[in-house]
Amino acid sequence: MPKITILSATDRPGSMALKVSKFVQTKFNEQGAETDLVSLEDYPLADVAGGKYGTDIPSVIDFNERVLDADGLVLVIPEYNGSFPGILKVFVDYLPFPEAFEKLPIAFIGEAAGAFGALRAVEQMQLIANYRNALNFPERVFMQRVSKIFNETDGITDQMTAQLMDSLVANFTSFTDLNKGERERKAGIKTA
Ligand SMILES: Cc1cc2nc3c(=O)[nH]c(=O)nc-3n(C[C@H](O)[C@H](O)[C@H](O)COP(=O)(O)O)c2cc1C
């Protein structure tokens with residue numbers, strides 16, 4: 001079974017992204033996947049302040065390794081100002097270039113207060129993942145009006161969204177398992 005990391009892609013305390021990520025982790029566990037949940041709340045932002053590009057920062061190396069040491073990555077992305085949170089771009093900009101996402105299966109879950117469920121945020125992030133040669137998984141879930149259709153006790157209460165989530169979880173587990181070898185075979189993959 002594949003190892004799948006779920007990344008809650010915001011540093012906002014009390015975010016819905018983290019709650020959704022925990023729910024999604026349970027779903028992947030039910031599929032038999034080995035999972036880890038990482039939150040960008042824990043990103044060592046203070047250690048990159050001032051623009052520490054091109055330097056080896058142990059806390060950043062450790063954080064990146066925890067996210068990238070997986071056969072597949074699930075990004076749970078809220079919409080902030082018609083885009084994804086700034087901390088997600090900081091995280092990406094401090095990843096090892098160019099290899100970090102090379103042939104890495106990535107699935108995208110958007111969630112937002114608004115009616116589009118972070119469609120814009122996800123699609124903007126998909127452009128970056130494409131550029132970095134990730135294997136973008138084609139099924140996506142957009143959780144519209146997230147606080148109305150999701151809570152930690154009942155999970156997803158909107159039937160259509162719940163079905164789409166179940167489908168993404170089952171099929172991304174298989175997709176990740178199928179592509180496991182690709183990433184391992186690719187020469188020069190380093191996670192740090
Ligand atoms: C800085 C900021 C900007 C936001 N911009 C948008 C937006 O453009 N569209 C939207 O639907 N919701 C927006 N929201 C509301 C979030 O979608 C809402 O907080 C939702 O719960 C998802 O974010 P969370 O994971 O941080 O909880 C914004 C929230 C913050 C904190």
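In what follows, the structure referred to is the one given above.
Residues numbered from 1 in each chain as written. Predicted model: local features only at pLDDT ≥ 70, side-chain atom pairs only at ≥ 80, totals over all residues.

**Q** When you look at the sheet that holds strand S1 (residues 3-8) in this model, what are you seeing that I'm missing?
**A** Through backbone hydrogen bonds, the strands of a sheet pair up, either in parallel or in antiparallel fashion. Taken together, 5 strands build an open sheet; the order of strands is S2-S1-S3-S4-S5 and the sheet is parallel. Across the chains shown, the open sheet's two edge strands, defined by having one partner strand only, are strand S2 (34-39) and strand S5 (135-143). Pairwise comparison of adjacent strand axes, ignoring direction, gives a mean angle of 20° for this sheet. In terms of strand pairing, strand S4 (residues 105-111) meets S5 through 6 bridges, oriented parallel. (Pairing = 2+ DSSP bridges. Helix = DSSP H or I, 4+ residues; strand = E, 2+ residues; numbered from the N terminus. Axes fitted to C-alpha atoms, helices over the stretch in contact; angles between N-to-C directions.)

**Q** Sorry, what's going on with the nonpolar core here?
**A** Looking at soluble globular proteins, one finds that nonpolar side chains tend to be buried together. Core analysis: the biggest nonpolar cluster contains 54 residues, and Leu7, Val74, Leu75, Val76, Ile77 and Ile106 have the highest contact counts within it. The element best represented in this core is helix H1 (residues 16-30), accounting for 6 residues. (Core = buried A, V, L, I, M, F, W, Y, C linked by C-beta atoms within 7 Å. Buried ≥ 20, exposed ≤ 12 C-beta atoms within 10 Å, placed from the backbone.)

**Q** Help me out: how do you make sense of H1 in this one?
**A** Since the α-helix advances by 3.6 residues per turn, residues separated by three or four positions end up pointing in the same direction. The end-to-end C-alpha separation of H1 is 21 Å, in line with the 21 Å expected for 15 residues at 1.5 Å each. Taken residue by residue, H1 has Met16, Ala17, Leu18, Val20, Ser21, Val24, Gln25, Lys27 and Phe28 as its buried positions. Glycine 32 sits one or two positions beyond H1 and adopts a positive phi of about 95°. (Expected span 1.5 Å × (residues − 1).)

**Q** How should I be thinking about unusual backbone geometry in this particular structure?
**A** Backbone geometry follows two general trends: most residues other than glycine have a negative phi, and most peptide bonds adopt the trans configuration. A cis geometry characterises the amide bond from phenylalanine 97 onward to proline 98, with omega recorded as 5°. Relative to the helices and strands, proline 98 resides in the loop between helix H4 (86-93) and S4. A positive phi angle, near 70°, is found at alanine 118, a position not held by glycine. Relative to the helices and strands, alanine 118 resides in the loop between S4 and helix H5 (119-131). The exposure class of alanine 118 is buried, given the 32 C-beta atoms found within 10 Å.

**Q** Even after reading the chapter, I still don't get the pairing of S1, so can you show me in this structure?
**A** For S1, a buried count of 5 out of 6 residues is recorded, marking the element as mostly surrounded by other parts of the structure. Inspection of the sheet shows S1 paired to S2 by 6 bridges, in the parallel sense. Across the sheet, leucine 7 pairs through a bridge with valine 38, a residue of S2. With H1 bridging S1 and the parallel S2, this β-α-β connection has right-handed handedness. Here S1 runs beside strand S3 (residues 72-78); their pairing, made up of 5 bridges, is parallel. By the bridge assignment, isoleucine 4 is partnered in S3 with glycine 72. (Right-handed = clockwise from strand over helix to strand, strands pointing away.)

**Q** Hey, could you run me through the environment of serine 174 in this one?
**A** Residue position: serine 174 is located in helix H7 (residues 159-185). By C-beta crowding, serine 174 is classed as exposed, having 11 other C-beta atoms within 10 Å.

Everything listed is a geometric property; what it means functionally is a separate question.
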